[in-house]
Amino acid sequence: MTIHEFGKDNKQIVVLIHPSAVMWDYFEYVIPLMEDRYHLIVPALPGYDEDRIGDFTSVEEIAAELAYWLIDHGYKEIACIYGCSMGGSIVTRFLADDRVKVRNAVIDGGITPYQLPWIATRFIAVRDFLMIYMGKLGGLKLLEKAFSTDEYSDEDLKYVDKVLKFMSPRTIWRTFESCNNYKMPDRIHTGCGHIEYWYADAEEKDRKWDIDYIRKNFTQTEFRKFEDVGHGGLAALKPELLAAEIEGLIRGEKRKWINT
């Protein structure tokens, strides 16, 4: 796993973990807004790294690898760890492993393990795999139909098309298989001082199971709903808001809450 660092001279560390179907440069608009005040650590996850051949491994392996990398480099405390969608799954497991001290954590639309019979999870994984794989085969025209919304520009769709072209079928399969079914400890404990689960108003229904899971297993979590943005849309569409929210969280500022 390649790790990109920015603002290394700054004391407070912020870890940013990207979702699926994009690369680490998903945060390209956020990084310039924060690198003068924070030490940003942005992993390029396996299977989504254009500079390194390989496939996605698993949520559990990536969370452990990131923790050991931080420990090996002497980064003993994180001001905030943020992960979106697939990245939110990794943050969830990272917190449960509790290997590194984390003061604040944000799980943005994070996917939690399905609490369903095994056969049901197979059908869901196959469905999700086929949806993305057909986008890989069909190219930009099929993506335009799949993402028929004013939120995404032609450049956004071309970017996703580029990522899908180098993603292997194994990476696509493992992404959904792992994010939907990753293992969590029987007893979940984290020393993280403050956890927030963010979700978009447009995805509130889709995230219901995830919200319930987080509420049950991370009882200290606060929930935040964002208006006028879709799943995973903050970094690309509202980077100033994302940066401001993370900084406000680190500084302990009072912010607007909508708890579900």
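Residues numbered from 1 in each chain as written. Predicted model: local features only at pLDDT ≥ 70, side-chain atom pairs only at ≥ 80, totals over all residues. Heavy atoms only, no water.

## Comments concerning the overall build of the protein
Looking only at helices and strands, the protein has 10 helices and nine strands in total. Going through the 260 residues of the protein one by one, you find that 53% of them count as buried. Intrachain contacts of the protein at a sequence separation of at least 6 include 80% that bridge at least 24 residues. Within the structure as shown, the protein displays about 12700 Å² of accessible surface, and the carbon and sulfur contribution to it stands at 52%. (Helix = DSSP H or I, 4+ residues; strand = E, 2+ residues; numbered from the N terminus. Buried < 20%, exposed > 50% of the residue type's maximum accessible area, 1.4 Å probe, protein only. Contact = heavy atoms within 4.5 Å. Areas by Shrake-Rupley, 256 points an atom, 1.4 Å probe, with all protein chains shown as cover.)

## Notes on the side chain of Asp210
Secondary-structure assignment places Asp210 in helix α8 (residues 208-217). Its relative accessible area of 3% is what places Asp210 among the buried residues. Only 2.8 Å separates the side chain of Asp210 from the side chain of Arg207, close enough to count as a polar contact. The residues contacting Asp210, other than those within four sequence positions of it, are Gly110, Ile111, Thr112 and Tyr197. (Polar contact = N/O pair within 3.5 Å; in protein donor to acceptor, adjacent residues only side chain to side chain.)

## Things to note about the pairing of strand β9 (residues 222-226)
With four of five residues buried, β9 is to be regarded as a mostly interior element. In the sheet, strand β8 (residues 194-200) pairs with β9 via five bridges, with the strands oriented parallel. Across the sheet, the residue bridging to Tyr199 is Lys225, located in β9. (Pairing = 2+ DSSP bridges.)

## A word on empty space enclosed by the protein
All chains considered together, the criterion is met by one cavity of 30 Å³ or more. By volume, the largest cavity amounts to about 50 Å³. Around the largest cavity, the lining residues are Asp108, Tyr199, Ala200, Glu203, Phe226, Val229, Gly230, His231, Gly232, Gly233 and Leu234. Within the lining of the largest cavity, the residues separate by chemical class into five nonpolar, four polar and two charged. (1 Å grid on protein atoms, 1.4 Å probe; cavity = no way out; pocket = protein on both sides within 12 Å on 5 of 7 lines; lining within 4 Å. Points joined across faces, edges and corners; volume = space filled by probe spheres on them. Nonpolar A, V, L, I, M, F, W, Y, C, P; charged D, E, K, R; others polar.)

## Some details on the confidence of the model for the protein
Taken as a whole, the protein shows an average pLDDT of 86; of its residues, 82% reach a score of 70 or greater. For residues 145-150, every residue scores under 50 in pLDDT, and the model assigns this stretch two contacts once sequence neighbours within four places are set aside. (pLDDT = per-residue confidence, 0-100.)

## Looking at the packing of helix α2 (residues 59-72) against helix α3 (residues 86-97)
Relative to each other, α2 and α3 sit at 60°, their axes nearing to 9 Å. As the angle between them shows, α2 and α3 are arranged oblique. Between α2 and α3 lies a crossing of right-handed hand. The residues of α3 that touch α2, namely those facing Val59, Glu60, Ile62, Ala63, Ala64, Leu66, Ala67 and Leu70, are Ser89, Ile90, Arg93, Phe94 and Asp97. The class makeup of the residues in the contact of α2 with α3 is nine nonpolar, one polar and three charged. (Axes fitted to C-alpha atoms, helices over the stretch in contact; angles between N-to-C directions. Parallel < 35°, antiparallel > 145°, perpendicular 65-115°, else oblique. Left-handed = near helix turned anticlockwise from the far one by under 90°.)

## Structural notes on the packing of aromatic side chains
For the structure on display, the rule yields eight aromatic pairs. Its end group placed over the ring of Phe223, Arg215 keeps NZ or CZ at 4.8 Å from the ring centre. Seen from the ring of Phe226, Arg224 lies directly overhead, with NZ or CZ sitting 4.6 Å from the centre. (Phe/Tyr/Trp six-rings, centres within 6.5 Å; stacked < 30°, edge-to-face > 60°. Lys NZ or Arg CZ within 6 Å of the ring centre and 35° of its normal.)

## What about the sheet that holds β8?
The mixed open sheet is built from seven strands, whose spatial order is β1-β3-β2-β5-β7-β8-β9. The open sheet terminates on both sides in strands that have one partner only, identified here as β1 (2-6) and β9. Taking each pair of neighbouring strands and ignoring which way they run, the sheet shows an average axis angle of 20°. Bridging between strand β2 (residues 13-17) and strand β3 (residues 39-44) involves three bridges; their strand directions are parallel. Bridged to Val14 within β3 is Leu40. Strand contacts of α8: β7 (104-108), β8 and β9, with the helix running at about 170° to β8, the strand carrying the most contacts.

## Brief notes about the nonpolar core
Grouped together as the largest cluster of nonpolar side chains are 49 residues, with contacts concentrated most on Leu66, Leu70, Ile78, Ile81, Phe94 and Leu95. Where this core is concerned, the elements lending two or more residues are β2, α2, α3, β7, α6 (154-166), α7 (169-181), β8 and α8. For this core, the element with the highest residue contribution is α2, accounting for seven residues. Leaving out residues up to four positions away in the same chain, Leu66 has contacts with Met1, Ile3, Val15, Ile17, Pro43, Ile81 and Phe94. Leu40, Val42, Phe226 and Leu249 belong to the second largest nonpolar core, which has 27 residues in total. (Core = buried A, V, L, I, M, F, W, Y, C linked by side-chain atoms within 4.5 Å.)

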